[in-house]
Amino acid sequence: MNAIQEIVRQHAEDAAFLWLLRSGAISASHFSLQDLADLDNRVEAHIDGLRVAGDAGWEICREALSWKEPGEIFAAGVLAFECGDKMRIETVLEAVGEDPVLARGLISALGWVDYGSAAPFIDGFLSSDSPFFRYIGVATGAVHRQCRMDALTAAAHDDNPLLRARALKAIGEMGKREFQAVVKNHLADEDETCRFWAAWSAAVFSDSSAAGVLRAIAEAGGPYTEAACRTVMNLMHHRDDREWLASLQHHPEKQRIAVIGAGALGDSADIPWLIRMMEIPELARPAGEAFTFITGVDIAYLDLEGEWPEGFEAGPTEAPEDDNVDLDPDEDLPWPAPERISAWWDQNRQNFRASESYFLGKPVTAGHLETVLRTGLQRQRKKAAVMLAARHPRGIPVFETRAPGFRQKQILGVS
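Note that this is a predicted model, so its numbers are computed, not measured.

When helices and strands are counted, the protein shows 22 helices and two strands. Relative to the 2.2 N^0.38 estimate, which gives 22 Å for 415 residues, the radius of gyration of the protein is 22 Å and therefore close to what a compact globule would have. Overall size of the protein, expressed as C-alpha extent along the three principal axes, is 65 × 50 × 50 Å. Burial analysis of the protein (415 residues in total) assigns 52% to the buried set. Within the structure as shown, the protein displays about 19,000 Å² of accessible surface, and the carbon and sulfur contribution to it stands at 51%.

Here it is in structure tokens:
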């Protein structure tokens, strides 16, 4: 291999690796819009190196498809869809097969490409006989917040649960309030994923019938437990939800979702309880994040950070007998120091009124949410985007906080 080939191969490997990093960064607790834009500029630089390499760049990406990894699918997909070469596109599609994990890379590639270039391919996927290809079409259209309404309607009623769930989510993402009856009809869907996304979209449309469904999903302990809890607390704000949260706080096995729910609800009356939860190693970091969501306090910046508890292990260990293979969901959150946070609260509690919802230290207003969308961290920005859409009486799309950072900055007018 000559030096130029080695450089091109490095571009392909780095593009795939950095895409993997960004797939975590888009929902990270410590990534700002600028951080995401900086990472995405690095991804784009390596993609550009592959573009400049022409056929040699494509060939190296094609070979890497054999790894069957979404990052490699992404890099090859961007090159294939940008040039519109049917053979290249077919090669990428064959590598994806009908694997939803690999489809993430393909959907991301079409999301990376500007909508004008992606639209013909999205339309082709939406017109396919394959439910899996239609799923890709709906998902990619939703990323761009552009999707044919006839295709979206058909997908929301399809027998295929993967396709149906993605369409029910897309309805909320795109702010299509005229489809409110459609999502409401799926609140009792037999498939949990479909049921959750129907309830999520209904909540975005301020449909109170979603609240009970979301509470049930949150208590069930499945993959949507935390997302359901955040959604009902972020968007519903009913007295029943406040009482439900209080009931969770008295059950040790449900205290994690109670902590998450308290942060989403934003009631400062929960802060003394959250400080007590910081004494429990398994709950300390999410309790610290909930405290930040309510008060806006940066725990690390204000020197309110503590030490990792001695003997505590989170996520998978090196012990061969340990069956836990899940990654630590709180890995990037700071460890709060309860005593120092309690002292801070004693000095600042007069700035907060109980029973009023706060988000990052301020009452929730459209102006504040718009500011968070520009300046907040990714999890905070995601909440702001959803709440802004939910506040609009006629329905607007949820701002896509997963889009390439440089594109988001342009849309938001951030320098």
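This part takes up helix H22 (residues 405-412). Taken as a whole, H22 has its buried residues at Gly405, Arg407, Gln408, Lys409 and Leu412. Considering only its buried residues, H22 is in contact with helix H2 (33-52), helix H6 (100-112), helix H20 (366-375) and helix H21 (378-391). Looking one or two residues past H22, Gly413 carries a phi angle of roughly 70°, positive in sign.

With their axes 11 Å apart at the nearest point, H2 and helix H4 (residues 70-83) run at an angle of 55° to one another. One way to sum up the angle between H2 and H4 is to call them oblique. Note on packing geometry: the crossing formed by H2 with H4 is right-handed. For the pair formed by H2 and H4, the contact residues are Val43, Ile47, Leu50 and Arg51 on the first element and Phe74, Ala75, Val78, Leu79 and Glu82 on the second. Grouping the amino acids of the contact of H2 with H4 by side-chain chemistry returns seven nonpolar, no polar and two charged.

How each quantity is defined
Residues numbered from 1 in each chain as written. Predicted model: local features only at pLDDT ≥ 70, side-chain atom pairs only at ≥ 80, totals over all residues. Heavy atoms only, no water. Helix = DSSP H or I, 4+ residues; strand = E, 2+ residues; numbered from the N terminus. Rg over C-alpha atoms; globule rule 2.2 N^0.38 Å. Buried < 20%, exposed > 50% of the residue type's maximum accessible area, 1.4 Å probe, protein only. Areas by Shrake-Rupley, 256 points an atom, 1.4 Å probe, with all protein chains shown as cover. Contact = heavy atoms within 4.5 Å. Axes fitted to C-alpha atoms, helices over the stretch in contact; angles between N-to-C directions. Parallel < 35°, antiparallel > 145°, perpendicular 65-115°, else oblique. Left-handed = near helix turned anticlockwise from the far one by under 90°. Nonpolar A, V, L, I, M, F, W, Y, C, P; charged D, E, K, R; others polar.

Purely geometric stuff here, so don't read any function into it on its own.
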